[in-house]
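Chain and residue survey
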Amino acid sequence: MRVALAEDGALFREGLLMLLQAAGHEVVAVAAGGDELLAALASTPCDVAVLDIRMPPEPDGGLVTAERLREKWPNMGLLFLSHYAESHYLMKILDIGTDAIGYRLKEKVGSVEVLTDTLTRIADGEIVIEPVLAKRLVERPRGEKKDEVASLSERELDVLKLMAEGRSNGGIAGQLYVTPKAVEKHIASIFAKLGLHTDETESHRRVLAVLTYLRSQRDGD
């Protein structure tokens with residue numbers, strides 16, 4: 001795919017560039033900051049832009065740049081990279097969009113396979129959240145859950161937590177020592193209670209279920 005890269009750390013930027021090229025992607029623009037990347041993409045479209053969150057224009061240039069990119073090219077995928085899994089960054093990213101967007105730790109995308117998988121999922125319209133961050137946000141005391149999330153049973157909440165970690169139905173069944181059929185019933189109940197209708201794909205509804213919970217926490221903070 002055609003990828004643009006903005007990262008102000010020279011060493012990490014060169015490492016990412018090598019990984020992208022090794023994976024066979026076409027790197028159409030490389031920049032040290034958001035303004036430079038926007039200028040480079042003015043005449044050169046791309047499929048996914050990889051953005052360091054903390055880069056020029058300071059302090060959070062990746063977020064500012066992403067807002068401008070999505071306004072101009074709504075279908076462009078966005079991958080945010082950071083050294084830290086910060087919940088306030090995730091909430092800002094969700095305000096930018098919930099389709100074709102991702103937030104990963106830099107240390108977790110250090111291989112061709114992981115980086116390509118992440119980019120492919122984003123290019124396909126998915127949202128990719130660093131599992132450790134999603135798990136941390138979901139694991140909150142039950143008393144703080146509000147609105148429709150409060151209607152979930154304890155077992156449904158367990159299933160939702162494992163969904164946030166990116167586990168498949170089979171993986172959830174193995175973790176909870178239940179049958180895959182039971183997991184399917186729990187997930188169907190979660191979708192119904194959260195108002196996620198059948199006109200969405202299964203994978204999209206899984207993401208929306210987790211995002212509904214994350215937003216319920218943000219609204220309650």
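Residues numbered from 1 in each chain as written. Predicted model: local features only at pLDDT ≥ 70, side-chain atom pairs only at ≥ 80, totals over all residues. Heavy atoms only, no water.

Going by what an unreviewed UniProt entry lists, the protein chain is known as Response regulator transcription factor and is assigned to Pseudonocardia yuanmonensis.

With that out of the way, let us pick up the pairing of strand β3 (residues 48-52). Burial analysis of β3 places five of its five residues in the buried class, the great majority of the element. As paired elements, strand β1 (residues 2-6) and β3 share four bridges and run parallel to each other. Each bridged residue has a counterpart across the sheet, and for Val3 the counterpart in β3 is Val48. Bridge analysis of β3 against strand β4 (residues 77-82) gives five bridges, and the strand direction is parallel. Along β4, the bridge assignment pairs Val50 with Leu79. In this view, the connection linking β3 to its parallel neighbour β4 by way of helix α3 (residues 61-72) has right-handed handedness. (Buried < 20%, exposed > 50% of the residue type's maximum accessible area, 1.4 Å probe, protein only. Helix = DSSP H or I, 4+ residues; strand = E, 2+ residues; numbered from the N terminus. Pairing = 2+ DSSP bridges. Right-handed = clockwise from strand over helix to strand, strands pointing away.)

The strand order β2-β1-β3-β4-β5-β6 describes an open sheet built from six strands, whose pairing is parallel. Because the sheet does not close on itself, it has two edges, and the strands there are β2 (26-31) and β6 (127-129). When strand polarity is set aside, the average angle formed by the axes of neighbouring strands in this sheet is 20°. In the packing of helix α2 (residues 34-41) onto the sheet, contacts are made with β1, β2 and β3, and the angle to β2 comes to roughly 140°. (Axes fitted to C-alpha atoms, helices over the stretch in contact; angles between N-to-C directions. Contact = heavy atoms within 4.5 Å.)

Positionally, His25 belongs in the loop between α1 (10-22) and β2. A distance of 3.2 Å separates a polar atom in the side chain of His25 from the backbone nitrogen of Met1. Only 3.4 Å separates the side chain of His25 from the side chain of Thr116, close enough to count as a polar contact. In this view, His25 contacts Met1, Val3, Leu20, Thr116 and Leu119; residues no more than four positions away in its chain are not counted. (Polar contact = N/O pair within 3.5 Å; in protein donor to acceptor, adjacent residues only side chain to side chain.)

With that settled, consider the environment of Thr44. Summarising the element assignment, Thr44 is placed in the loop between α2 and β3. When the C-alpha atoms of Thr44 and Ala29 are compared, they prove to be 8.1 Å apart, with 15 residues separating the residues in sequence. Not counting chain neighbours up to four residues away, the residues in contact with Thr44 comprise Arg2 and Val28.

By secondary structure assignment, the location of Asp124 is in the loop between α5 (112-123) and β6. Along the chain, Asp124 and Asp99 lie 25 residues apart, while their C-alpha atoms are 9.0 Å from each other.

With that settled, the discussion passes to α1. Note that an α-helix has 3.6 residues per turn; residues three or four places apart therefore point the same way. When the terminal C-alpha atoms of α1 are compared, their 18 Å separation across 13 residues agrees well with the 18 Å that a helix rising 1.5 Å per residue should span. Those residues of α1 that fall on the buried side of the exposure criterion are Arg13, Leu16, Leu17, Leu19 and Leu20. All buried residues of α1 fall inside an arc of 165° around its axis, so they share one side. α1 presents Leu11, Met18 and Ala22 as exposed residues on the side facing more than 90 degrees away from its buried surface. In this fold, the buried residues of α1 make contact with β1, β2, β3, β4 and α5. Positive backbone phi, at 90°, marks Gly24, one or two positions downstream of α1. (Expected span 1.5 Å × (residues − 1). Arc of directions from axis to C-beta.)

Turning our attention to the pairing of β2. Pairing between β1 and β2: five bridges, direction parallel. Residue pairing across strands places Ala4 opposite Ala29, the latter belonging to β2. Taking the sense of rotation as the criterion, the β-α-β connection linking β1, α1 and β2 turns out right-handed.

Moving on, we get to the packing of helix α7 (residues 154-164) against helix α9 (residues 180-193). Between two packed helices, both the angle of their axes relative to each other and the distance between the axes serve to describe the pair. Two elements in contact, α7 and α9, have axes whose closest approach is 10 Å; the angle formed by their N-to-C orientations is 95°. Between α7 and α9, the angle falls in the class roughly perpendicular. Facing Arg155, Glu156, Val159, Leu160 and Met163 of α7, the residues of α9 in contact are His186, Ile187, Ser189, Ile190, Phe191 and Lys193. Looking at the contact of α7 with α9, its residues break down into six nonpolar, two polar and three charged. (Parallel < 35°, antiparallel > 145°, perpendicular 65-115°, else oblique. Nonpolar A, V, L, I, M, F, W, Y, C, P; charged D, E, K, R; others polar.)

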